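# A structural walkthrough
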Amino acid sequence: MFNLSKSRNVLQSLKYAAWPKHASNTSSASASVTDAKEEHEEIVSQASKKLKPRLPLAKNFFVGLVDKELLAYPEVVTRDDMAQLQNDLKPLRDYFNVDKFKEDINSIATLAKDLQNLDIYGLNISRDFDGKGWNFSASLMATEPECQGSVDVAFSLLPHRSIVDALQEKGTPEQQQKYLTKLAKGSLVAREAIYELDAPDYSLFHTKAFYDTTNQNWCLNGSKTLVVAPPKAAEASQLFLVLAQTSRYSEQVESDQASTTAFLVDSNVPGVRIHERVETFGCRSSTMQTVTFDNVNLKENCILGLPHEGQFVGEFLQQSSRLRNALVALGLSKNILNYLTNFCMETKKMGVTLKDMEFAQTHLAKATLSLYGVESMIYMTAGLLDEFQNPDVILETAITKYFSLKELLNLSISLLDLKGPKALLTGEMSERYLRDAMQLYVYGESITMLNAFIALVGLQHVGSVIGDNIRKQRNPLFYPGHILSKFMERSSIDNPITNMELHENLHPSLQPASMCLEQSVARLQMCCDLLLTRHGTGIMECHNEFCRIADMVSILYCMFSSLARASRSYCIGLYLADHELLTATAVCQDGFQKVKTLATEIFNGQYVNNDRNIHRLSQQIIKSKGYFAEHPLKYNF
């Protein structure tokens, strides 16, 4: 039986007071020394109020576990602070109003000046350094107006904010003191210099750095491309975060081992050259460039984190970047859905308005399901980051980006389905939406690689938790008792039996939807168990199975987040909360069918699910160097 008071108690217990009180536009520069000290003590106190770490949420889906307490959707902004935040965001909404703001603004300097006046550069920077001091959830909310008003501005500011997050988490006090105040004011803008067009065959990056023991500094050489430039004033300088390959000596194998190191490089340092703008398919109002580093000498204090351990900085940077990237995708998706809705309301086909045709209604409704799921995932993940100490959300952030970009791509295709050839006319908003969607889809990393990453992290977690069971199942002759117990299990892929009782932490009307989630989690766990038993370490070569596993866990996280959000909305009486219940139920029913289909394909194996035929065909295509079939009208005599 659903207990409302119990649910609200859980919600209240998930709150913490790490929200800067009385956040305002007043900078710390105008405060007294005593005020600054009190603010610092308050921030330290607030950080200590974060809840203790919990077991990972999405990773445990792979082993059939669900953290029921997290079904109380995180509330990291109190009621009073939310009212203050809404007041602070009003100037941003007014500035980025779609009807007023021009994305193709002629003067970047004017745009940068406006952004400085709005304090946009320092949304996620501590108030100790003249920033707003907003946590992940609040800073994401503050980013929404620019995401919907100008995708180019949001896209350009994304690396700046991700680097700020990394600098606050991994930077030394000296580095934070040196850079954060300037980054908050916009007199210094941050840029990621990570991507290289041609990946090396046997090393991490072409860009390399070596330590000169004579001069006691690092020498950096290489080139990075598609480096996104945030809007900046003419007098502002730039700070590059560069990931470069370095070598360290290993006594165990008596050789140098390849590693990565993260460097903070000022654009004014000798040897740094910024080249002409790189033209890309979408986000054409933003600036992307190639940057080369020619014998750039850097001191030890230019390293973010520790030497040769840039992968840890990179992981945190990706974690922040993926979550913020998903929010930009969400903003563009909302614009596309609103555009499609207006188009369907104003357009007639054969004397019937599109909004009255079932196929158009289906497009709009499915797009709404996608947006609701993506939005729920974003703020669920942000809530985990804000509420708990050192949360393990590397999988949640990857899933959120992966799911949001796939849904954005599907939604952009709806433009073509509903609008037809006119959608691609130059100057049409639909054409611009399509270009921007494609640009976001490939930004930073390949979706295929992200897909593989999600599956690998999950399967690795399965191995660490139930590795002994997998070993017994792969050696049945040595463990007949274990194998017999497996045969005696009543749960199957067609009829998974669960006892999670997730409905106890949700509104009663969501019980059928919660059963969809329970059975889907059970199917994912059975699929992982089967795959590791069937392939062992050979699973690394089963890329088609990776795709299915990644899709399954992405759908599960969407279902979980949507249920938690809808339950909270209805319990506290939000406007149209009854439709949120309907939306979450539809998300879960749709996800249930998709997960069942994917699980059935995995259980059927390659000889039934067509993977074997696809593999054989691919071998012939490679052998023939392309399409191999003869013309259908050709004779053989």
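These notes cover the structure that comes with them.

Parameters at a glance
Going along each chain's sequence as written, the residues are numbered from 1 onward. It should be noted that, the model being predicted, local features are given only for residues of pLDDT at least 70 and side-chain atom pairs only at 80 or more, the latter also being counted only at that level, while totals for whole chains, interfaces and linings use all residues. By convention in this description, side-chain values take in all heavy atoms of the structure and omit both hydrogens and water. A helix here means a DSSP run of H or I that spans at least four residues, while a strand means a run of E at least two residues long, and both kinds are numbered starting from the N terminus. Only protein chains enter the accessibility calculation, which uses a 1.4 Å probe. A residue is then buried if its area is under 20% of the maximum for its type, exposed if over 50%, and partly exposed in between. Note on contacts: a residue pair qualifies if any of its non-hydrogen atoms lie within 4.5 Å across the two residues. Per-residue and other accessible areas follow the Shrake-Rupley method at a 1.4 Å probe size, with only the shown protein chains counted as cover for residues. What makes a nonpolar core is a set of buried Ala, Val, Leu, Ile, Met, Phe, Trp, Tyr and Cys residues whose side-chain atoms join them at distances within 4.5 Å. For each domain, the first and last residues come from an automatic or database assignment. When a carboxyl oxygen of Asp or Glu is within 4 Å of a side-chain nitrogen of Lys or Arg, the pair counts as a salt bridge. Side-chain rings of Phe, Tyr and Trp (the six-membered ring for Trp) are treated as a pair once their centres are within 6.5 Å; stacked means planes under 30 degrees apart, edge-to-face means over 60, and tilted covers the remaining angles. For a Lys NZ or an Arg CZ to count as sitting over a ring, it must be within 6 Å of the ring centre and within 35 degrees of the ring normal. Each patch groups residues whose relative accessible area exceeds 30% and which form no salt bridge, using 9 Å between like charges and 5 Å between nonpolar side chains of Val, Leu, Ile, Met, Phe, Trp and Tyr. By definition, two strands form a pair when at least two bridges between them are found by DSSP. Every axis in this analysis is a line fitted to C-alpha atoms, fitted for helices over the stretch in contact. Angles between the N-to-C directions lie between 0 and 180 degrees. A clockwise turn of the near helix away from the far one marks a right-handed crossing, whereas an anticlockwise turn of less than a right angle marks a left-handed crossing. Ten residue types, Ala, Val, Leu, Ile, Met, Phe, Trp, Tyr, Cys and Pro, are classed as nonpolar, four, Asp, Glu, Lys and Arg, as charged, and the remainder, Gly among them, as polar. Convention used here: angles under 35 degrees read as roughly parallel, angles over 145 as roughly antiparallel, angles from 65 to 115 as roughly perpendicular, and any remaining angle as oblique.

Once that is clear, we can look at the overall build of the protein. Check the secondary structure of the protein and you find 18 helices and 10 strands. Burial status across the protein gives 52% buried among its 637 residues. Contacts in the protein between residues at least 24 apart in sequence constitute 76% of all its contacts with a sequence separation of at least 6. For the protein, the exposed surface amounts to about 30900 Å²; the carbon and sulfur share of it is 53%.

The next thing to look at is the side chain of T143. Its location among the elements puts T143 in helix α6 (residues 136-149). Of the residues examined, T143 reaches a relative accessible area of 6% and is grouped as buried.

Turning next to the nonpolar core. Counting 132 residues, the largest nonpolar core has F61, I378, L524, I549, M552 and F560 as its most contacted members. When residues of this core are sorted by domain, at least three fall in each of domain 1 (313-445) and domain 2 (449-621). Not counting the four nearest positions on each side in its chain, I378 is found in contact with L140, L323, A326, L327, L330 and T400. In this structure, I125, I163, A166 and V313 belong to the second largest nonpolar core, which totals 22 residues.

Attention shifts here to the pattern of salt bridges. Tallying each qualifying case throughout the model produces 29 salt bridges. The shortest N-O distance in the salt bridge between R548 and E545 comes to 3.0 Å. Taken as a pair, R548 and E545 lie in helix α16 (residues 543-572) at a separation of 3 residues, close to a single helical turn. Measuring nitrogen to oxygen at the nearest pair gives 3.9 Å for the salt bridge that ties E580 to R565.

What follows covers the packing of aromatic side chains. Counted according to the given criterion, the structure contains 8 aromatic pairs. Measuring from centroid to centroid gives 5.0 Å for Y95 and F96, while their planes differ by 85°, and the two rings are edge-to-face. Chaining the aromatic ring pairs together yields one cluster made of Y211, W218 and F263. Taking NZ or CZ as reference, K224 lies 4.0 Å from the ring centre of F205, over its face. Here the basic side chain of R322 rests over the ring of F453, its NZ or CZ set 4.9 Å away from the ring centre.

Turning next to the environment of G331. Within the secondary structure, G331 sits in helix α9 (residues 310-346). A relative accessible area of 3% means that G331 is categorised as buried. G331 has contacts with C147 and Q148, leaving out every residue within four places of it along the chain.

Taken together, the side chains of I614, L617, I621 and F628 make up a nonpolar region of the molecular surface, amounting to roughly 340 Å² of accessible area. Within the fold, I614 resides in helix α18 (residues 611-624). Since its relative accessible area comes to 45%, I614 is described here as partly exposed.

Bridging between strand β2 (residues 208-212) and strand β3 (residues 217-229) involves 5 bridges; their strand directions are antiparallel. When the sheet's bridge partners are listed, Y211 is paired in β3 with W218. If you look at the hairpin formed by β2 and β3, you'll find 4 residues sitting between the two strands, and Q216 has a positive phi there, around 55°.

Let's shift gears to the environment of L411. Here L411 lies in helix α11 (residues 394-419). Each C-alpha atom, one on L411 and one on L340, is 9.7 Å from the other, the two residues being 71 residues apart in sequence. The contacts of L411, once residues within four sequence positions are left out, are S333, I336, L337, L340, A367 and L371.

On to the packing of α11 against helix α13 (residues 447-473). Closest axis-to-axis distance for the α11/α13 pair is 10 Å, and the angle between their directions is 145°. Like other packed secondary-structure pairs, α11 and α13 cross with a definite hand, here left-handed. Residue-level contacts link I394, L395, A398, I399, K401, Y402 and L405 of α11 to I447, L450, N451, F453, I454 and V457 of α13. Tallied by class, residues from the contact of α11 with α13 come to 11 nonpolar, 1 polar and 1 charged.

With that settled, the discussion passes to the packing of helix α15 (residues 511-535) against α16. The interhelical angle for the contact between α15 and α16, taken along N-to-C directions, is 155°, at an axis separation of 10 Å. By the criterion of interaxial angle, the relationship of α15 to α16 is roughly antiparallel. For α15 against α16, the interelement crossing comes out left-handed. Of the residues belonging to the contact of α15 with α16, the class tally is 15 nonpolar, 3 polar and 3 charged.

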